[in-house]
Amino acid sequence: MIKRTFILDQGEFFGGAEAFTLDFLGSLNGAEIRKINPIIVGARSEVYKERLHKANDNIPIEPFDYPSVRGNKIQKMLHTGALALAGKRLKKMAEKYDGSHQFITNTPRTHFVMYLAKKLWRIKGKWLMMIHDFTTPTRLMKAMASQSDVVIANSMPTRNHLHGILRERDKKKIKIVENGIDIRSLPKPRPVENIQQILMLGRIDPRKGQKFALEAADLLLERNPDLHFSIVGSPVYTDQRTVDYQKEIKTFARDRDLTNVTFEEEVPNALERINQADLVLMLQTEPETFGRVAIEALALGKMVLTFDETGPKEILESFLQHLGKSNIKIPRSNFIVEAGNPMSLAECIGAWADEPQKAQALWA
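The following paragraphs examine the structure supplied in this document.

The next subject is the sheet that holds strand S5 (residues 126–131). Spatially, the 7 strands line up as an open sheet ordered S3-S2-S1-S4-S5-S6-S7, and their pairing is parallel. The sheet is open, and its two borders are formed by strand S3 (61–62) and strand S7 (174–176), each paired with just one other strand. Relative to S7, strand S6 (residues 150–153) runs parallel, the two being bridged by 3 bridges. Looking across to S7, one finds that Val151 is bridged to Ile174. Of the strands in this sheet, strand S1 (4–9), strand S4 (101–105) and S5 are in contact with helix H5 (residues 108–119), which crosses S5 at around 155 degrees. The sheet strands contacting helix H7 (residues 156–165) are S5, S6 and S7, and the helix crosses S7 at an angle near 170 degrees.

Below you can see the structure in the form of structure tokens.
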């Protein structure tokens, strides 16, 4: 019997979960592909599909719609019904292929569809649930973990979170596969001499905190006129909150006449864009499980500043410990800024810009 690996993948935009899947599939050789027989189920974004084909064009993509879960109580009840029907469609799709199967899910919505396919429709196969965020309600996470075979944590904070909420019998299912990067895929680092180009790269979303970068740019416009802030990313056009947020931050930049700020749409090569920067900002307003841009930037020799929130904070704390072993002592506050405080952020950016020689040891 041939086993198929169905990777349930919304892929409505290119985020951390999609980047991990892309790296994983791109690393497989022909023998490994034949061994696990992966099939992508979803991948709605055309840009993401192109990247998947470029990474490995031997992996098929099955179109699949994962209904939204947003709305009021009545809308959520209707959405749950639509997700249950999606679970039934998933079972029928899997039955088209001979052999035993396994399923990998990587977002709350794909977890829920698989859970309903198991609970209501008795879909057969091993379920590996990979956790990339903290947004799933605890009660639902417990229920889904009880139906899964393996719960994969993408970082230590994620593992600790799962240990704190799952039932004792399900904790043994937890495995950690940290969301690292392939150093071999990095471009040659561009040497940094001064702090001038400030980059914020990622999905346009209130939870990513682009507004705070603009407020810091406003505070630094006269003090450090050589600084330039680039806000790079796109909203999720199926999520009106992110579309409205993009309008809000662009209106703020226009009203404040921020000549030191430019906006760019999502770029095809994030690593190359990071390599053009001198300093990278991670200004999440809610806890995150990881901070992929942070490790990419550090690996390319860039300064990284983050808000004091779970995710990128742990990466920067680990980096500071590493520096300490090399007898490079730098205060935590020089990298990790009080969350939601644009004044502290501006002061930190300005301090590094005023004395870039203090960063020479870090860049080395």
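Time to look at the packing of H5 against helix H6 (residues 138–147). Think of two packed helices as two axes; the pair is described by the angle between the axes and how far apart they sit. Taken N-terminus to C-terminus, the directions of H5 and H6 make an angle of 55 degrees; their axes are 10 Å apart at the nearest point. The angle between H5 and H6 falls in the class oblique. Here H5 and H6 pass one another in a crossing that is left-handed. Here His111, Phe112, Tyr115, Lys118 and Lys119 of H5 lie close against H6, whose contacting residues are Leu140, Ala143, Met144 and Gln147. Residues belonging to the contact of H5 with H6 are distributed by class as follows: 5 nonpolar, 2 polar and 2 charged.

Spatial ordering of the open sheet is given by S10-S9-S8-S11-S12-S13, a layout of 6 strands whose pairing is parallel. Each having just a single partner strand, strand S10 (261–264) and strand S13 (336–337) make up the two edges of the open sheet. Judged from the 5 bridges that link them, strand S8 (residues 197–201) and strand S9 (residues 228–232) form a sheet pairing that is parallel. Residue pairing for S9: Met200 is matched across the bridge by Ile231. Against the sheet, helix H14 (residues 342–354) touches S8, S9, strand S11 (279–282), strand S12 (303–307) and S13, its axis set at about 165 degrees to S12.

The element S9 is extensively covered by neighbouring structure, given that 5 of its 5 residues are classed as buried. Residues of S9 alternate between two faces, with His228, Ser230 and Val232 on one and Phe229 and Ile231 on the opposite face, all of them buried. Crossover S8 to S9 through helix H9 (residues 210–220) is right-handed. The pairing of S9 with S10 spans 4 bridges and is classified as parallel. When the bridges of S10 are listed, Ile231 appears paired with Phe263. Note that the unit made of S9, helix H10 (residues 240–255) and S10 has a crossover that is right-handed.

Reading the values: rules and limits
Residues numbered from 1 in each chain as written. Predicted model: local features only at pLDDT ≥ 70, side-chain atom pairs only at ≥ 80, totals over all residues. Heavy atoms only, no water. Pairing = 2+ DSSP bridges. Helix = DSSP H or I, 4+ residues; strand = E, 2+ residues; numbered from the N terminus. Contact = heavy atoms within 4.5 Å. Axes fitted to C-alpha atoms, helices over the stretch in contact; angles between N-to-C directions. Parallel < 35°, antiparallel > 145°, perpendicular 65-115°, else oblique. Left-handed = near helix turned anticlockwise from the far one by under 90°. Nonpolar A, V, L, I, M, F, W, Y, C, P; charged D, E, K, R; others polar. Buried < 20%, exposed > 50% of the residue type's maximum accessible area, 1.4 Å probe, protein only. Right-handed = clockwise from strand over helix to strand, strands pointing away.

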